[in-house]
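# Notes for the structure review
So the chains spell out like this:
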Amino acid sequence: LMGISVGSAGGWSLEVYPGDFVVHRKYGIGRYERTVLKPKSKLTQEEKEAAENRRKEIINDMMKDGKQLDEIQRFVETFGTEADKDPISNPLSTLLEIAYGDAVVHVPIDRAYRLSRYRAGDAAIKPRLSRVKGEAWSKAKQKVEISTVQMAQDVLALYATRETLSRPPFDPSREGEVQNFEKSFTFEPTPDQQKCFEDVENDMVWRSRPMDRLICGDVGFGKTEVAMRALFRAVANGRQAAMLAPTGVLAAQHYKNIVKRMGEDTEHKFNIALLRGGMGKNTKKGRELRAAIAAGETQIVIGTHALLSNGMMFHDLGLLTVDEEQRFGVNQKERLKLICNCVDVLTLSATPIPRTLQMSLSGIRDTSTIRSPPPMRKPTISYVQEYDETIVRDAIERELAREGQVFYVVPRISQLEEASSMLTKIFPELRVIQAHGRMPRGQAEENVASFAEGNHDVLLATTVIENGVDIPRVNTIIIQNAQAFGMSTLYQLRGRVGRSDVQAFAYFFHKNDFITEQSAQRLQAMADLHELGSGFDVANRDLEIRGAGSLLGTEQSGMAARVGFDLYMRMLKKSMRQLRGLDLPVVPRSNVLLPGAEGSIEWVDGSAKNEKAAANSYLLPESYIEDAKERSQEESKARLAESTHQLVEITNGWKETYGAIPSKLQK
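Here's what I pulled together on the structure shown here.

Calculation rules
Residues numbered from 1 in each chain as written. Predicted model: local features only at pLDDT ≥ 70, side-chain atom pairs only at ≥ 80, totals over all residues. Heavy atoms only, no water. Helix = DSSP H or I, 4+ residues; strand = E, 2+ residues; numbered from the N terminus. Buried < 20%, exposed > 50% of the residue type's maximum accessible area, 1.4 Å probe, protein only. Contact = heavy atoms within 4.5 Å. Areas by Shrake-Rupley, 256 points an atom, 1.4 Å probe, with all protein chains shown as cover. 1 Å grid on protein atoms, 1.4 Å probe; cavity = no way out; pocket = protein on both sides within 12 Å on 5 of 7 lines; lining within 4 Å. Points joined across faces, edges and corners; volume = space filled by probe spheres on them. Nonpolar A, V, L, I, M, F, W, Y, C, P; charged D, E, K, R; others polar. Phe/Tyr/Trp six-rings, centres within 6.5 Å; stacked < 30°, edge-to-face > 60°. Arc of directions from axis to C-beta. Pairing = 2+ DSSP bridges. Axes fitted to C-alpha atoms, helices over the stretch in contact; angles between N-to-C directions. Parallel < 35°, antiparallel > 145°, perpendicular 65-115°, else oblique. Left-handed = near helix turned anticlockwise from the far one by under 90°. Polar contact = N/O pair within 3.5 Å; in protein donor to acceptor, adjacent residues only side chain to side chain. Salt bridge = Lys/Arg side-chain N within 4 Å of Asp/Glu carboxyl O. Patch = residues over 30% accessible without salt bridge, like charges linked within 9 Å, V, L, I, M, F, W, Y side chains within 5 Å. Lys, Arg positive; Asp, Glu negative; His and termini not counted. Charge placed at Lys NZ, Arg CZ, Asp CG, Glu CD. Core = buried A, V, L, I, M, F, W, Y, C linked by side-chain atoms within 4.5 Å.

## Considerations on the overall build of the protein
- The helix and strand tally for the protein stands at 21 helices and 22 strands.
- In the protein, which comprises 667 residues, the share counted as buried stands at 49%.
- Considering only contacts within the protein whose residues lie at least 6 apart along the sequence, 75% involve residues at least 24 apart.
- Within the structure as shown, the protein displays about 32,500 Å² of accessible surface, and the carbon and sulfur contribution to it stands at 50%.

Right, here's the structure in full:
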């Protein structure tokens, strides 16, 4: 089944299928029914001339064949109607049929950019179809526009506040020490990693505004090294640094790695501490550690949610790194805001939550993306299907035959025993160890460490292994009842395997009886987005499935539901540009000069006198880009460009990919 590509606020390609709800800027929320072929209502001058010549040919051929005059006359009357099947005499146009509350609207496929897919939170709630007649849709849009202007003002106030905050930048003369530390990194950094190192250095050393940067990189692509260098820089400058992780397992792993690189036994001799569960402020260990942090004796502290507790006092906190940010709730993030006033913040995430992604799309947060995979890394092969014991047996047998290990994940602790019995029944000799969140303190971490040493074949676990467990020998993961997990969790779990040059496999087993529309979409996304580096795309898709809440606080925004998320984000962006004075002025004609004296591309507005020119204003010749889908995407990019600079970048991209700009587009 082929989908139709439509516009999207984030700039990624979205497809709609028959039955999907869509939003047309002019007519409102409708349902896409099908594509139909109908005669074109408006022909270009070339098409008119070609049609006329073709009709003359047809009449001449009929006369040569000795047809009667009245028969020819009757045939001539069919020219331009649905009975005219000649593609030159009667060019056809592919139209998208959209059903509304009181009418059916046909949208030409080359105008699909005016549509966006309707997404606003709960996909199971079907929106009411708009009415084409009347003013209900335009009134709804006006209300949303007022709301986006208000939100844009709040966002810009946040910008302004951020710009007024300042702290002394870190000392550039200390960068020699940082470069010396970098030599202990045993791998060759990827180009994207290198760019992230530079971005963070610029934020910390060359700007007086506190850093607030999101590093979005796929699981195993080297985000931790970016954090490691930032932590070192902060401490080398005499400041404290903290690293916040969502689970004890992940915090313990970070602690181990950081101590190995810059702890007491290295040339750097930094004092590093781990604040974990069981070290509350009423315990002896907890009190001692908190006192050492408050006195500045501890230079780097790694911890879980305990770092956010009210009684936590830092001596001179210079940097806070938040790993797997999507795992922290809104209230914890509000607490972070209090702690982080004038403190540099570095956030790491493979699949940023919708709000974080929305903030980076809106330009509120600085974002760096690591898309290039480490050398020799292979994409994990994913299978999505109903649970089948035979496939479980085959998958484990294959992994054990190549002397590997297996993760077996279930959503609930109560399901562990049942899974354990099933595995023992199939493989009586199998060495299975468990890990879950209700084990005695430290037991889960010990079990994971024992498994990592190769003492067991299968780690049977809940989502405690979702973050940070890095065991290259494990290259098969089996996820039972996958319909019960969120998209970010599914993606993180799949990222636990495939961390070496060995081909990895992920099995997402589901129960058909328990599948909802949203869980089906999530599993479909896992099947679709299997390439290396697709974490950001997973978050984008999650944003589509879940919809968007409020950017700035705990309340949710119902306004997005009125017009659909994509149109809402476009309106918000437009309001922000207008308030900042960056909006492109609407002019009848605009000309983009191409670099290197290659001419220019001219755009014309759609008013009546310019209609003929507007029909071709954004269309690229087929001879220039042969693939129809690719051509349509490039045309959409040009249409949705928000600045002259962007248009010039797009045309430069065309030249690099497809060759010199054709003369038809040059003036």
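## Some details on the layout of surface pockets
- Its boundaries defined by the atoms lining it, the second largest pocket holds a volume of some 1,600 Å³.
- Lining the second largest pocket are 47 residues, with Phe187, Gln253, Asn257, Asp470 and Arg499 sitting closest to its centre.
- Contributions of two or more residues to the lining of the second largest pocket are made by helix 6 (223-236), helix 7 (248-262) and helix 13 (443-452).
- Ranked by residue count, the leading element in the lining of the second largest pocket is helix 7, at 10 residues.
- Grouping the amino acids of the lining of the second largest pocket by side-chain chemistry returns 19 nonpolar, 12 polar and 16 charged.

## A closer look at the packing of aromatic side chains
- Following the criterion strictly, the structure yields 10 aromatic pairs and no others.
- Ring geometry for Phe181 versus Phe232: centroids 4.5 Å apart, planes at 5 degrees, classification stacked. Placement of Phe181 in helix 4 (residues 175-182) and of Phe232 in helix 6 is noted, with a sequence separation of 51 residues between them. Here Phe181 and Phe232 have matching classes, each one buried.
- With centroids separated by 5.7 Å and ring planes inclined at 40 degrees, the aromatic side chains of Phe407 and Phe451 adopt a geometry described as tilted.

## Observations regarding helix 12 (residues 416-426)
- Within the span of helix 12, buried status applies to Leu416, Ala419, Ser420, Met422 and Leu423. Summarising the axial view, the buried residues of helix 12 lie within an arc of 160 degrees, below the 170-degree limit, and thus occupy one face. Opposite the packed face of helix 12, turned more than 90 degrees from it, sit the exposed residues Glu417, Glu418 and Lys425.
- If you follow the buried residues of helix 12, they end up packed against helix 11 (389-401), strand 16 (405-409), strand 17 (432-435) and strand 18 (458-461).

## Let's talk about the pairing of strand 20 (residues 505-510)
- Burial analysis of strand 20 places six of its six residues in the buried class, the great majority of the element.
- Of the two faces of strand 20, the one lined by Phe505, Tyr507 and Phe509 and the one lined by Ala506, Phe508 and His510 are each fully buried.
- Across six bridges, strand 15 (residues 381-386) lies against strand 20 in parallel orientation. Of the residues in strand 20, the one forming a bridge with Ser382 is Ala506.
- As defined by bridge partners, strand 19 (residues 474-479) adjoins strand 20 across four bridges and the pair is classed as parallel.

## Examining the packing of helix 5 (residues 191-205) against helix 6
- Contact geometry of helix 5 with helix 6 gives a least axis separation of 10 Å together with a crossing angle of 25 degrees. Taken together, helix 5 and helix 6 sit at an angle that is classed as roughly parallel. Taken as a pair, helix 5 and helix 6 cross one another with a handedness that is right-handed. Seen from helix 5, the contacting residues are Gln193, Cys196, Phe197, Val200, Glu201, Met204 and Val205; seen from helix 6, they are Glu225, Val226, Arg229, Ala230, Arg233 and Ala234.
- Grouping the amino acids of the contact of helix 5 with helix 6 by side-chain chemistry returns eight nonpolar, one polar and four charged.

## Topic: the sheet that holds strand 7 (residues 115-117)
- Pairing is antiparallel across the open sheet formed by five strands, whose spatial order is 6-5-4-3-7. Edge positions in the open sheet fall to strand 6 (104-108) and strand 7, since each of these has one partner strand only. Neighbouring strand axes in the sheet, compared pairwise and without regard to direction, differ in orientation by 45 degrees on average.
- In terms of strand pairing, strand 4 (residues 28-39) meets strand 5 (residues 92-99) through eight bridges, oriented antiparallel. When the bridges of strand 5 are listed, Val36 appears paired with Leu95.

## Description of the environment of Pro127
- Within the secondary structure, Pro127 is located in the loop between strand 7 and helix 3 (136-164).
- Sequence separation between Pro127 and Ile29 is 98 residues, and the spatial gap between their C-alpha atoms is 7.8 Å.
- Setting aside anything within four residues of it in sequence, one finds Pro127 in contact with Phe21, Ile29 and Tyr118.

## Concerning the side chain of Glu634
- The residue Glu634 is located in helix 20 (residues 628-639) in this model.
- Polar side-chain contacts of Glu634 include one of 2.8 Å to the side chain of Trp654.
- In this structure Glu634 touches Leu620, Ile625, Trp654 and Tyr658, once residues within four positions along its chain are discounted.

## Quick notes on the pattern of salt bridges
- Tallying each qualifying case throughout the model produces 22 salt bridges.
- The salt bridge involving Arg233 is made with Glu175; its shortest N-O contact spans 2.9 Å. Remark: Glu175 occurs in helix 4 and Arg233 occurs in helix 6; sequence separation between them is 58 residues.

## Let's talk about the sheet that holds strand 18
- Read from one edge to the other, the open sheet built from six strands follows the order 15-20-19-16-18-17, with strand pairing classed as parallel. Looking at strand neighbours, the two that pair on one side only are strand 15 and strand 17, the edges of this open sheet. Adjacent strand axes in the sheet meet at a mean angle of 20 degrees, parallel and antiparallel pairs treated alike.
- Lying over the sheet, helix 12 contacts strand 16, strand 17 and strand 18, oriented at roughly 155 degrees with respect to strand 18.
- Strand contacts of helix 13: strand 16, strand 17, strand 18 and strand 19, with the helix running at about 145 degrees to strand 17, the strand carrying the most contacts.

## Remarks on a positive patch on the surface
- A cluster of like positive charges, contributed by Arg25, Lys26, Arg111 and Arg114, occupies part of the molecular surface.
- Examined against the element boundaries, Arg111 turns out to sit in the loop between strand 6 and strand 7.

## Points about the nonpolar core
- Met204, Ile258, Met262, Ile300, Leu319 and Leu346 are the most contacted members of the largest nonpolar core, which has 36 residues in total.
- Secondary-structure elements contributing two or more residues to this core are helix 4, helix 5, helix 6, strand 9 (240-244), helix 7, strand 10 (272-275), strand 11 (300-303) and strand 13 (344-349).
- The greatest single-element share of this core, amounting to nine residues, is contributed by helix 6.

## Quick notes on the pairing of strand 13
- Taken across its six residues, strand 13 has six buried, putting it largely inside the fold.
- Burial along strand 13 is two-sided: Asp344, Leu346 and Leu348 and Val345, Thr347 and Ser349, pointing in opposite directions, are all buried.
- Where strand 8 (residues 212-217) meets strand 13, five bridges bridge the pair, whose relative direction is parallel. Bridged to Ile215 within strand 13 is Leu348.
- Here strand 12 (residues 317-323) runs beside strand 13; their pairing, made up of five bridges, is parallel. Of the residues in strand 13, the one forming a bridge with Val322 is Thr347.

## Things to note about unusual backbone geometry
- Its identity is not glycine, yet Glu403 carries a phi of approximately 60 degrees, on the positive side.
- Secondary-structure assignment places Glu403 in the loop between helix 11 and strand 16.
- Among the residues examined, Glu403 registers a relative accessible area of 67% and is labelled exposed.
- Although it is not a glycine, Asn481 adopts a positive phi angle of roughly 55 degrees.
- On the basis of relative accessibility, which here comes to 8%, the residue Asn481 falls in the buried class.

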